[in-house]
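# A closer look at the structure
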Amino acid sequence: MRISAAQRTENENRIRAAMDRLLRGEIPPGGKCDIKTLASEAAVDRAALYGTRPYSHLRVESNDA
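Since we're looking at a predicted model, the values are computed, not measured.

## Comments concerning the environment of methionine 19
- Relative to the elements of secondary structure, methionine 19 occurs in helix H1 (residues 5-23).
- When its relative accessible area of 9% is taken as the criterion, methionine 19 is described as buried.
- Measuring from C-alpha to C-alpha, the distance between methionine 19 and leucine 58 comes to 9.0 Å, with 39 residues separating the pair along the chain.

## A few points about the side chain of glutamate 12
- Relative to the elements of secondary structure, glutamate 12 occurs in helix H1.
- When near neighbours in sequence (up to four residues on either side) are disregarded, glutamate 12 contacts Tyr55, His57 and Leu58.

## Re the pattern of salt bridges
- Going through the model one piece at a time under the given rule, you end up with 4 salt bridges.
- Across the pair arginine 8 and glutamate 12 runs a salt bridge whose closest N-O atoms are separated by 3.8 Å. On the criterion of helical spacing, the pair formed by arginine 8 and glutamate 12 is a turn pair, its members being 4 residues apart in helix H1.
- The salt bridge partner of arginine 21 is glutamate 41, with a shortest N-O separation of 3.8 Å. With arginine 21 in helix H1 and glutamate 41 in helix H2 (residues 35-42), this pair connects stretches of sequence that are 20 residues apart.

## Focus: H2
- When we look at burial in H2, the residues that qualify are Ile35, Thr37, Leu38, Ala39 and Ala42.
- Alanine 43 lies just past H2 and shows a positive phi near 60°.

## Some points on the side chain of threonine 37
- Tracing the backbone through its elements, the reader meets threonine 37 in helix H2.
- A distance of 3.0 Å separates the side chain of threonine 37 from the backbone oxygen of lysine 32, its partner in a polar contact.
- Among residues more than four places away in sequence, those in contact with threonine 37 are Leu22, Pro28, Gly31 and Lys32.

## With respect to the nonpolar core
- Formed by 13 residues in total, the largest nonpolar core has its most connected members in Ile15, Leu38, Leu49 and Tyr55.
- Among the secondary structure elements, those contributing two or more residues to this core are H1 and H2.

## Focus on the packing of H1 against H2
- Following both chains from N to C, one finds H1 and H2 inclined at 125°, their axes separated by 8 Å at the closest point. The angle between H1 and H2 places the two elements in the oblique class. Our pair here, H1 against H2, has a crossing hand that is right-handed. Residues Arg14, Ile15, Ala18, Met19, Arg21 and Leu22 of H1 touch H2, and the partners they reach there are Thr37, Leu38, Glu41 and Ala42.
- The residue inventory of the contact of H1 with H2, partitioned by class, reads 6 nonpolar, 1 polar and 3 charged.

Parameters at a glance
- Residues numbered from 1 in each chain as written.
- Predicted model: local features only at pLDDT ≥ 70, side-chain atom pairs only at ≥ 80, totals over all residues.
- Heavy atoms only, no water.
- Helix = DSSP H or I, 4+ residues; strand = E, 2+ residues; numbered from the N terminus.
- Buried < 20%, exposed > 50% of the residue type's maximum accessible area, 1.4 Å probe, protein only.
- Contact = heavy atoms within 4.5 Å.
- Salt bridge = Lys/Arg side-chain N within 4 Å of Asp/Glu carboxyl O.
- Polar contact = N/O pair within 3.5 Å; in protein donor to acceptor, adjacent residues only side chain to side chain.
- Core = buried A, V, L, I, M, F, W, Y, C linked by side-chain atoms within 4.5 Å.
- Axes fitted to C-alpha atoms, helices over the stretch in contact; angles between N-to-C directions.
- Parallel < 35°, antiparallel > 145°, perpendicular 65-115°, else oblique.
- Left-handed = near helix turned anticlockwise from the far one by under 90°.
- Nonpolar A, V, L, I, M, F, W, Y, C, P; charged D, E, K, R; others polar.

Bear in mind that shape data such as this cannot, by itself, settle questions of function.
Now the structure itself:
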């Protein structure tokens, strides 16, 4: 299923917000500062952050931080 540009932007904003929280040390109980927790906190499919998927560029950004 394709998502609209607005939905994609909303997802990116949620991912970036979750990245900021995790990098500030706001890690949920039982979580880690990793992709699995990031996807869970942002409510997106973890697979979307890998390879050539829609949000893989955000995973690269999070590794640079």
